[in-house]
Amino acid sequence: MERPNLHDVKAFLSHRMATLGAGWILLWLLIAMVGSPLRPDPSPMANDQHLDRGLLSPGTVWEDASGTSHHAWLGTDRYGRDVLSRLMAGSGISLSVGAGSVLISLLLGLLLGGLAGYLGGWVDAWISWFLQVMWSVPTLLMVLAITLAFGKGFWQVFLAIGLTMWVEVARIVRGQFLSLREMPYVQAAEALGLPSWRIMWRHMLPNAIGPLVVVCAANFAAAILIEAGLSFLGVGAQIPMPSWGNIVKEHAHLLTTDHAWLALIPGAMIASLVLAFAWVGDGLRHALKTTSHP
Amino acid sequence: MQRLLRQLAQGLGVLWGSLTLVFLIFAQVPDPARAIAGQNERTEAIEAFRQLHGLNLSLGERYVRFLGELSPLGPTQEGGWGLRAPSLGKSYFGGRPVVDALVEALPATMLLACAAMLLALVLGIALGLMLAWQGDGPWARAVIGVSTLGMSAPSFFVAILVAWGLGVVWHDWTGLPASGGWRVLDPFEGPQFAWKHLILPAFTLGIRPLSVVIQLTRNAAADVLEESYIRTARAKGLSGWRLMRKHVLRNAMNPVLTAASGWFASMLAGAVFVEYVFGWNGMGLLMFRALESGDLPVVMGGVLVVSTTFVAVNLLVDVLYGWLDPRVRSR
């Protein structure tokens with residue numbers, strides 16, 4: 001495995017689905033980062049309620065008091081809030097939960113997995129045991145337990161998902177380091193008396209980056225799914241903060257009515273973003289020539 | 001035999017760790033006594049509530065009590081020592097033993113999870129083998145595409161879609177109900193097993209593992225088909241179904257089996273959504289309701305049951321591994 005370089009970028013871009021997925025992710029990243037100026041309803045949480053124009057169909061045009069006409073491209077919900085704006089505001093939650101938990105999981109996973117793989121012996125035995133213990137409590141339930149312990153809300157979900165997803169990262173890093181440790185160049189570095197952290201950081205980690213990147217893409221997608229699920233259960237982002245999961249929850253009961261789109265669109269959004277990450281993961285695997293199960 | 005004992009010891013070590021972890025997380029939950037018993041504001045009532053659930057004890061004492069109650073060996077009700085049913089404490093509301101509630105709900109969830117798993121394995125392996133046999137083509141690409149989509153959609157959303165599409169919109173055509181538990185009380189014939197209620201939730205829960213099984217089987221079988229012993233078998237005149245069954249299937253099963261053991265537990269967790277949407281009276285629904293009302297012992301009991309199942313299934317698969325692949329035994 002070599003470091004990613006320009007050639008790998010070309011290989012990635014030649015994967016059509018991966019490019020498509022990356023574009024879709026970037027689009028939503030932009031929407032989330034620019035925030036309110038892009039939204040038809042620029043109020044902080046896209047929470048501008050007008051009960052008199054609730055449940056408008058997608059594409060309806062309405063006029064405000066000053067006579068200016070506005071498009072409700074995706075219609076409005078029960079409280080007359082613009083659905084497109086809510087979706088755009090909600091994207092920030094999905095993406096930041098994904099990014100945050102990937103970051104936390106990388107920090108913990110690199111540290112513990114690296115130590116276990118490099119030091120071996122009883123350190124490895126204990127860390128491996130801890131990995132198996134964490135592994136045996138399903139992520140969703142672990143996150144539920146953590147949010148119960150530290151209260152409902154956006155930040156708790158953030159932490160909880162990160163604190164459960166590092167296991168996968170640690171496993172990969174440990175496995176990679178176990179085999180890299182036997183490499184002649186690592187042994188040469190050891191013989192030269194380089195400090196352990198330097199060997200791990202400068203000489204081993206760059207060679208383990210391929211599978212790590214693939215796992216991060218998968219973790220990002222998994223975090224989005226879990227966040228959406230938690231919001232759906234009412235544990236995640238709290239009303240009126242919009243998140244794709246709680247928008248589905250709010251409108252799930254409308255499925256049998258003419259307003260089914262209110263639940264269908266946010267659900268499809270979640271699926272599309274997760275799918276985009278799956279494609280990007282495929283593209284990375286293809287470009288970095290990593291096997292799916294190292 | 002020695003291998004088996006070592007695996008058992010390892011499994012117990014992991015089990016102990018996960019029980020402790022779950023205990024420690026739930027021990028962080030702020031004291032709920034005032035919120036739950038507090039409507040009548042009487043100090044004695046709150047104290048009694050704390051006493052009953054051991055909330056007045058220190059963390060160490062609570063841990064000892066937790067492990068003591070959980071252990072299947074200990075003082076029995078008749079006095080003396082022996083085997084007994086583990087206890088998981090009492091529900092905050094009404095004081096019903098948590099074990100009773102879980103035991104009542106467990107069969108429904110197990111039935112659902114097993115049906116979903118069976119569907120995923122049988123259909124997934126068959127489809128995966130077929131795709132590997134046919135090689136790359138429009139069919140392969142279509143199935144892979146659909147199964148990637150199946151992995152990407154959130155399970156609650158799939159549940160809603162299936163309940164709505166197959167249970168309501170096309171109800172006349174499928175004849176399947178959008179909700180209901182596995183036991184129905186027939187006014188004339190007493191409790192009946194309602195298999196019709198099982199189909200949609202099991203299908204929903206099975207979609208994600210089905211997608212993974214298809215892809216794993218296809219990849220593993222495609223790798224096996226490249227092996228030289230397959231060429232030999234073909235040269236000897238073996239073809240089609242017999243070749244796939246005798247030579248490919250057995251050698252391609254290991255990765256599928258490993259992955260399948262991992263999902264069984266996450267399926268029990270995923271059942272929370274499916275049971276909630278379909279109104280299936282299992283552990284997921286029980287945990288969801290307990291979560292909403294803040295009935296901690298029930299949530300904790302549910303988490304413990306799931307992680308114990310996970311450890312047990314993993315152990316079983318480890319043992320099965322040795323049986324399927326003799327090379328592992330000698331290691």
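Rules and cut-offs
Residues numbered from 1 in each chain as written. Chains lettered and ligands numbered in written order. Predicted model: local features only at pLDDT ≥ 70, side-chain atom pairs only at ≥ 80, totals over all residues. Heavy atoms only, no water. Helix = DSSP H or I, 4+ residues; strand = E, 2+ residues; numbered from the N terminus. Buried < 20%, exposed > 50% of the residue type's maximum accessible area, 1.4 Å probe, protein only. Contact = heavy atoms within 4.5 Å. Buried area = accessible area lost by both parts, 1.4 Å probe. Polar contact = N/O pair within 3.5 Å; in protein donor to acceptor, adjacent residues only side chain to side chain. Nonpolar A, V, L, I, M, F, W, Y, C, P; charged D, E, K, R; others polar. Phe/Tyr/Trp six-rings, centres within 6.5 Å; stacked < 30°, edge-to-face > 60°. Patch = residues over 30% accessible without salt bridge, like charges linked within 9 Å, V, L, I, M, F, W, Y side chains within 5 Å. Areas by Shrake-Rupley, 256 points an atom, 1.4 Å probe, with all protein chains shown as cover. Salt bridge = Lys/Arg side-chain N within 4 Å of Asp/Glu carboxyl O. Core = buried A, V, L, I, M, F, W, Y, C linked by side-chain atoms within 4.5 Å. Domains from an automatic or database assignment. pLDDT = per-residue confidence, 0-100. Axes fitted to C-alpha atoms, helices over the stretch in contact; angles between N-to-C directions. Parallel < 35°, antiparallel > 145°, perpendicular 65-115°, else oblique. Left-handed = near helix turned anticlockwise from the far one by under 90°. Expected span 1.5 Å × (residues − 1). Arc of directions from axis to C-beta.

Chemist: It is not clear to me how the overall build of chain B should be interpreted in this structure. Could you clarify?
Modeler: Secondary structure assignment for chain B yields 14 helices and four strands. Put simply, chain B has 331 residues, and 46% of those count as buried. Sequence-distant contacts, at least 24 apart, represent 67% of the contacts inside chain B between residues at least 6 apart.

Chemist: Would you take a moment to explain the interface of chain B and chain A for this structure?
Modeler: Where interface size is given, it is often the accessible area lost as the parts come together that is meant. With 43 residues of chain B at the interface, the matching set in chain A holds 41 residues. Carbon and sulfur atoms make up 85% of the surface buried where chain B meets chain A, a total of about 3,400 Å² over both sides. Joining chain B to chain A, the criterion identifies one residue pair in polar contact (both at pLDDT 80 or more). Counting only elements with at least two residues in the side of chain B that touches chain A, the list comes to α1 (2-27), α6 (138-152), α7 (155-169), α9 (195-225), α11 (240-278), α12 (283-293) and α13 (296-324) of chain B. Class assignment of the residues belonging to the side of chain B that touches chain A gives a composition of 34 nonpolar, eight polar and one charged.

Chemist: Whenever I open this one, the packing of aromatic side chains confuses me. Can you help?
Modeler: Given two aromatic rings, one states the distance between the centres and the angle between the planes to describe the pair. Going through the model one piece at a time under the given rule, you end up with 13 aromatic pairs over all chains. For the pair F220 of chain A and F277 of chain A, a centre-to-centre distance of 4.3 Å together with 15° between the ring planes defines the contact as stacked. One end of the pair, F220 of chain A, is in helix α9 (residues 209-233); the other, F277 of chain A, is in helix α11 (residues 261-288), with 57 residues separating them in the sequence. A single burial state applies to F220 of chain A and to F277 of chain A, both of which are buried. When the centroid spacing of 4.3 Å and the interplanar angle of 10° are considered together, the rings of F232 of chain A and F156 of chain B count as stacked. Here F232 of chain A, found in helix α9, pairs with F156 of chain B, found in helix α7, and the two come from separate chains. Note on accessibility: F232 of chain A and F156 of chain B belong to one class, buried.

Chemist: For this particular structure, what's the right way to read a nonpolar patch on the surface?
Modeler: Residue and element names in this part refer to chain B. Taken together, the side chains of M1, L4, L5, L8 and V319 present a nonpolar region at the surface, about 480 Å² in accessible area. Here the nonpolar patch takes three residues from α1, the largest share from any one element. Within the fold, L8 resides in helix α1.

Chemist: For this particular structure, what's the right way to read the nonpolar core?
Modeler: Among soluble globular proteins, nonpolar side chains are generally buried collectively. Grouped together as the largest cluster of nonpolar side chains are 154 residues, with contacts concentrated most on I270 of chain A together with F26 of chain B. Here this core takes 17 residues from α11 of chain B, the largest share from any one element. Three or more residues apiece are contributed to this core by two domains, here domain 1 (18-83) and domain 2 (98-330) of chain B. Sequence-distant contacts of F26 of chain B, defined by excluding residues within four places in its chain, comprise A145 and L148 of chain A together with L296, V299, M300 and V303 of chain B. Core analysis: the next-biggest nonpolar cluster, separate from the first, contains 15 residues, I172, V186, M200 and L212 of chain A among them.

Chemist: Would you explain the pattern of salt bridges in this entry?
Modeler: If the charged atoms of two oppositely charged side chains come close together, the side chains can form a pair. All names here are of chain A. On inspection of all chains with the given rule, the structure shows three salt bridges over all chains. Among the salt bridges present, the one from D124 reaches R174, with a minimum N-O distance of 2.6 Å. Placement of the pair is D124 in helix α4 (residues 121-136) and R174 in helix α6 (residues 154-180), with a sequence separation of 50 residues. By relative accessible area, which is 23% here, R174 ends up partly exposed. We note a salt bridge from E182 to R181, for which the minimum N-O separation is 3.7 Å. Overall, E182 belongs to the partly exposed group, its relative accessible area being 49%. Judged by its relative accessible area of 21%, R181 is partly exposed.

Chemist: Looking at this structure, how should I read the confidence of the model for chain B?
Modeler: For any part of a model where pLDDT is low, the fine detail of the predicted coordinates should not be relied upon. Residue and element names in this part refer to chain B. Looking at chain B as a whole, the pLDDT averages 77, with 83% of positions reaching at least 70. For chain B, the element scoring lowest by mean pLDDT is strand β3 (residues 183-186), at 59; α1 scores highest, at 86. Prediction confidence for the complex, expressed as pTM and ipTM, is 0.82 and 0.77 respectively.

Chemist: Help me understand the packing of α11 of chain A against α6 of chain B in this model?
Modeler: Geometry of a packed helix pair, given as the angle between the helix axes and the separation of the axes. It is the contact of α11 of chain A with α6 of chain B, at a shortest axis distance of 8 Å, that shows an interaxial angle of 120°. By the criterion of interaxial angle, the relationship of α11 of chain A to α6 of chain B is oblique. Classified by chirality, the crossing of α6 of chain B by α11 of chain A is right-handed. Contact residues: α11 of chain A offers A271, V274, L275, A278 and W279 of chain A, while α6 of chain B offers T148, L149 and S152 of chain B. Classifying every residue of the contact of α11 of chain A with α6 of chain B gives six nonpolar, two polar and no charged.

Chemist: Any chance you could explain helix α2 (residues 16-34) of chain A here in plain terms?
Modeler: Residues separated by three or four positions in an α-helix point in the same direction, a consequence of the helix having 3.6 residues per turn. Residue and element names in this part refer to chain A. For α2, with 19 residues, the first-to-last C-alpha span of 27 Å sits near the 27 Å given by 1.5 Å per residue. Residues of α2 that are buried include every one of A18, G21, I25, W28 and I31, and no others. Seen end-on, α2 carries its buried residues on one side only, within an arc spanning 155°. Exposed side of α2, more than 90 degrees from the buried face: R16, L20, L26, L30 and M33 are the residues found there.

Chemist: Help me understand the packing of α6 of chain A against α9 of chain A, please; the structure alone is not making it clear to me.
Modeler: Residues and elements named next belong to chain A. Their axes nearest at 10 Å, the elements α6 and α9 cross at an angle of 155°. Between α6 and α9, the angle falls in the class roughly antiparallel. The interaxial crossing formed by α6 with α9 has right-handed handedness. The segment α6 lies against α9, with V157, I161, M165, E168, V169, I172, V173 and Q176 engaging P211, L212, V215, N219, A222, A223, I226, E227 and L230.

Chemist: What is the right way to read the domain arrangement of chain B from this model?
Modeler: Residue and element names in this part refer to chain B. With domains assigned, chain B is organised as domain 1 (18-83) and domain 2 (98-330). The partner domain 2 presents eight residues to the eight residues of domain 1 that form the contact. Across the domain 1 to domain 2 interface the summed buried area is about 730 Å²; carbon plus sulfur atoms make up 88%. Interface area lost by domain 1 to domain 2 is led by L19, V22 and F26, which between them contribute 55%. The interface formed by domain 1 and domain 2 includes zero salt bridges. If you look at where domain 1 meets domain 2, you find zero residue pairs in polar contact (both at pLDDT 80 or more). Its residues placed into classes, the side of domain 1 that touches domain 2 shows seven nonpolar, one polar and no charged.

Chemist: Quick question: what am I supposed to make of the environment of V143 of chain B here?
Modeler: All names here are of chain B. In this fold, V143 is placed in helix α6. Sequence separation of V143 and I214 is 71 residues, and the distance between their C-alpha atoms is 8.5 Å. V143 has contacts with L131 and I214, leaving out every residue within four places of it along the chain.

Chemist: Which parts of the structure should I look at to understand the confidence of the model for chain A?
Modeler: Overall, the predicted model of chain A reaches an average pLDDT of 80, with 88% of residues at or above 70. Looking over chain A, one finds the lowest element-wise mean pLDDT in strand β2 (residues 69-72) of chain A, namely 68, and the highest in α4 of chain A, namely 88.

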